[in-house]
Amino acid sequence: MTYTLVIKNARLVLPHAVEYGALAIAGDRIDAIVPPDVTVPAAETIIDADGAYVAPGFVDLHIHGAGGVDVMNATQQELERLSAWLAERGITRFLPTLVPDTDQAYRRAVSRISDWVGRTLVDTPAGAIPIGVHFEGPFLAAARCGALRSVLFRRADDLDRFLAKVGGERLEGLPARMMTVSPELSGGCELVSELVRRGFVVSLGHTGADIEVLEQAFEAGARHMTHFMNAMPQMHHRRPGPVGWGLLKRGLTVDVIADLHHLHPEALRLVIGARTATRVALISDSIPPAGLGDGVYDVWGAPVTVAAGRAVNADGHLNGSVITVADAVRNCVSLGYRLVDAVRMATAVPARVLGVESLGAIEQGRVADLVVFRDDIQPFLTVIAGRIVFDNASRQ
């Protein structure tokens, strides 16, 4: 058998260990993991990794934009540019994330993104693949709005009208649909149940709900929490709230913005220590200025200042991030976590949250989404669905 692609002389980041060997890829799938003492099979293309790491491609659950592109209003050409930008940074799949806006703005964004996802399901990948849509709101608690515009939030009983207005029929058939909600809204747990019934992954966020309400939301089907600890009240020893509940609840996953600004390093260690790397997903929550450097930018109609890796609004509050998931992996490794665990939080966990378990691991039969990097975790080769979409040979 002649494979389409073989990557040899690699340190393979497998689910539980890093091992030397080669990967043999047939079409869009990993067909074999070749031990170092076995002859590398023939292939149409053979890449010598020269001892670099080969990991599963990174999956970002929560990204508003980057490289100057805002997924809320981007043109087709801008979306393709974002896709290429992400692939260069090792992200192979992602969930474009929409912020609360008017019905018309939502409808335009949903139409463009659903068309974009549809094209990527049939076309040869040229960059990172959007796999659905993440609604961060609009069914959120105004008291925990964070950087979002609370004037655009909706009542929990408005779901049917909302989906009809924004073009909910365009969401049917997308591989992943996610919505962040605040369960303490009147009718919030009923909203969770209805969203789950309609096939959404429901994440709890922007919330100050008490334990009883959080338990009800869990029973209704919510199994995840958005940018954990952020846009939530501090834990009190008599009112543990969403932070205390999220640290301990069995069967729950959480995601974190590991830019070392949204969470102090010790807070990040607390979350990973309590939940373990099997229950924490790394997200970027990046905004359009990500990758553009320091400066003042217009983000969703308001000025945001980026300086020293932090993005803040006019009130001095954090407003999304300017990192990538690769940066989050690097930050976790810098804190002493094993590369295997940092990679798992950027790959297998988010894929599992979305229910797309063909992704997220180097195993026989999995989709061949791969990223190659050295100790600095700066990707120089990205493979999506078995095809090389980014190859910066000068990085080797």
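Residues numbered from 1 in each chain as written. Predicted model: local features only at pLDDT ≥ 70, side-chain atom pairs only at ≥ 80, totals over all residues. Heavy atoms only, no water.

A.B. asks: Any details on the packing of helix H6 (residues 241–248) against helix H7 (residues 265–275)? Residues and values, ideally.
C.D. replies: Between H6 and H7, the shortest axis-to-axis distance is 7 Å and the interhelical angle comes to 45°. In terms of orientation, H6 lies oblique with respect to H7. Of the residues in H7, those touching H6 at Gly246, Leu247 and Leu248 are Leu270, Val271, Ala274 and Arg275. For the contact of H6 with H7, the class distribution of residues is 5 nonpolar, 1 polar and 1 charged. (Axes fitted to C-alpha atoms, helices over the stretch in contact; angles between N-to-C directions. Helix = DSSP H or I, 4+ residues; strand = E, 2+ residues; numbered from the N terminus. Parallel < 35°, antiparallel > 145°, perpendicular 65-115°, else oblique. Contact = heavy atoms within 4.5 Å. Nonpolar A, V, L, I, M, F, W, Y, C, P; charged D, E, K, R; others polar.)

A.B. asks: Explain the sheet that holds strand E19 (residues 310–312) to me, using residue names and the numbers behind them.
C.D. replies: Read across the sheet, 3 strands follow the order E17-E18-E19 without closing on themselves; strand pairing throughout is antiparallel. Only two strands of the sheet have a single neighbouring strand rather than two, namely strand E17 (295–299) and E19. Neighbouring strand axes in the sheet, compared pairwise and without regard to direction, differ in orientation by 30° on average. Note that E17 and strand E18 (residues 302–307) share 5 bridges and pair antiparallel. By the bridge assignment for E18, aspartate 298 is matched with proline 303. (Pairing = 2+ DSSP bridges.)

A.B. asks: Account for helix H4 (residues 188–197), naming residues and giving values.
C.D. replies: The set of residues buried in H4 consists of Gly188, Cys189, Leu191, Val192 and Leu195. End-on view of H4: buried residues confined to an arc of 155°, all on one side of the axis. Facing away from the buried side of H4 by over 90 degrees, the exposed positions are Glu190 and Arg197. Residues of H4 that are buried in the fold lie against helix H3 (159–166), strand E12 (176–181), strand E13 (201–204) and helix H5 (211–220). Backbone geometry just downstream of H4 places glycine 199 in the positive-phi region, at approximately 95°. (Buried < 20%, exposed > 50% of the residue type's maximum accessible area, 1.4 Å probe, protein only. Arc of directions from axis to C-beta.)

A.B. asks: Describe the side chain of aspartate 70, with residues and values.
C.D. replies: Along the chain, aspartate 70 falls in strand E8 (residues 69–70). Despite its burial, aspartate 70 pairs with no opposite charge, the nearest such side chain being arginine 112 at 7.9 Å. Of note is the side chain of aspartate 70, whose polar atom sits 3.3 Å from the side chain of tryptophan 300. (Lys, Arg positive; Asp, Glu negative; His and termini not counted. Salt bridge = Lys/Arg side-chain N within 4 Å of Asp/Glu carboxyl O. Polar contact = N/O pair within 3.5 Å; in protein donor to acceptor, adjacent residues only side chain to side chain.)

By themselves, these figures tell us nothing about what the structure is for.
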